[in-house]
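The chain contents come next:
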Amino acid sequence: MPRSTRRLPHAFVRAAAVFALAAGVIAPAVVHAPAAHADTGSAYDATLDDGRYRVGMLGDALWMKVTVLASTAPDAPVLASTEELTQLYGYWTTDAPLTLPEGTALGDYPVRID
């Protein structure tokens, strides 16, 4: 019986083929996965004495946006918004005070956390 001319062991070639096929099936699912959105579940939120806004999150977030709305209506206009927040010990705090437009009445306004 003639000797095999294969240079790589059959088990190695089979393992490489399985790995390549698995990578081809798994990689597109990872690359095309939709963006993750955090369930904000704020455990704590408050306006600090200096006007900055602080949010305490129940989970980890990579990015946040704070938006102050004129009312709770679905089409309410945005009074102020910022994505400039800093995280420290589970709290996210706006880098600068949130300022409402000139002439806006003092009061309690809804805040949306994205």
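Computed from a predicted structure; not experimentally measured.

Enquirer: Give me the lowdown on a nonpolar patch on the surface, citing residues and values where you can.
Expert: A surface patch of nonpolar side chains, amounting to about 480 Å² of accessible area, comprises Tyr44, Leu88, Tyr89 and Tyr91. For Tyr89, a relative accessible area of 75% corresponds to the exposed category.

Enquirer: Explain the sheet that holds strand β3 (residues 66-69) to me, using residue names and the numbers behind them.
Expert: Backbone hydrogen bonds are what pair the strands of a sheet, in a parallel or an antiparallel way. Spatial ordering of the open sheet is given by β4-β3-β7, a layout of three strands whose pairing is antiparallel. Lying at the two open borders of the sheet, with one neighbouring strand each, are β4 (78-82) and β7 (111-113). This sheet shows a mean twist of 20° between the axes of neighbouring strands, independent of strand direction. Inspection of the sheet shows β3 paired to β7 by three bridges, in the antiparallel sense. The residue bridging Val66 from the neighbouring strand is Ile113, located in β7.

Enquirer: Provide a residue-level description of the pattern of salt bridges, including the pertinent values.
Expert: For the coordinates displayed, the defined rule picks out two salt bridges. A salt bridge links Asp50 to Arg52; the shortest N-O distance between them is 2.7 Å. The class for Asp50 is partly exposed, based on a relative accessible area of 42%. A relative accessible area of 26% places Arg52 in the partly exposed class. Here Asp114 and Arg112 are joined by a salt bridge, their closest N and O atoms 3.3 Å apart.

Enquirer: Explain the environment of Tyr89 residue by residue, including any values.
Expert: Considering the arrangement of structural elements, one finds Tyr89 in the loop between β5 (85-88) and β6 (91-94). Sequence separation between Tyr89 and Met57 is 32 residues; the distance between their C-alpha atoms is 10.0 Å.

Parameters and conventions
- Residues numbered from 1 in each chain as written.
- Predicted model: local features only at pLDDT ≥ 70, side-chain atom pairs only at ≥ 80, totals over all residues.
- Heavy atoms only, no water.
- Patch = residues over 30% accessible without salt bridge, like charges linked within 9 Å, V, L, I, M, F, W, Y side chains within 5 Å.
- Areas by Shrake-Rupley, 256 points an atom, 1.4 Å probe, with all protein chains shown as cover.
- Salt bridge = Lys/Arg side-chain N within 4 Å of Asp/Glu carboxyl O.
- Buried < 20%, exposed > 50% of the residue type's maximum accessible area, 1.4 Å probe, protein only.
- Pairing = 2+ DSSP bridges.
- Helix = DSSP H or I, 4+ residues; strand = E, 2+ residues; numbered from the N terminus.
- Axes fitted to C-alpha atoms, helices over the stretch in contact; angles between N-to-C directions.

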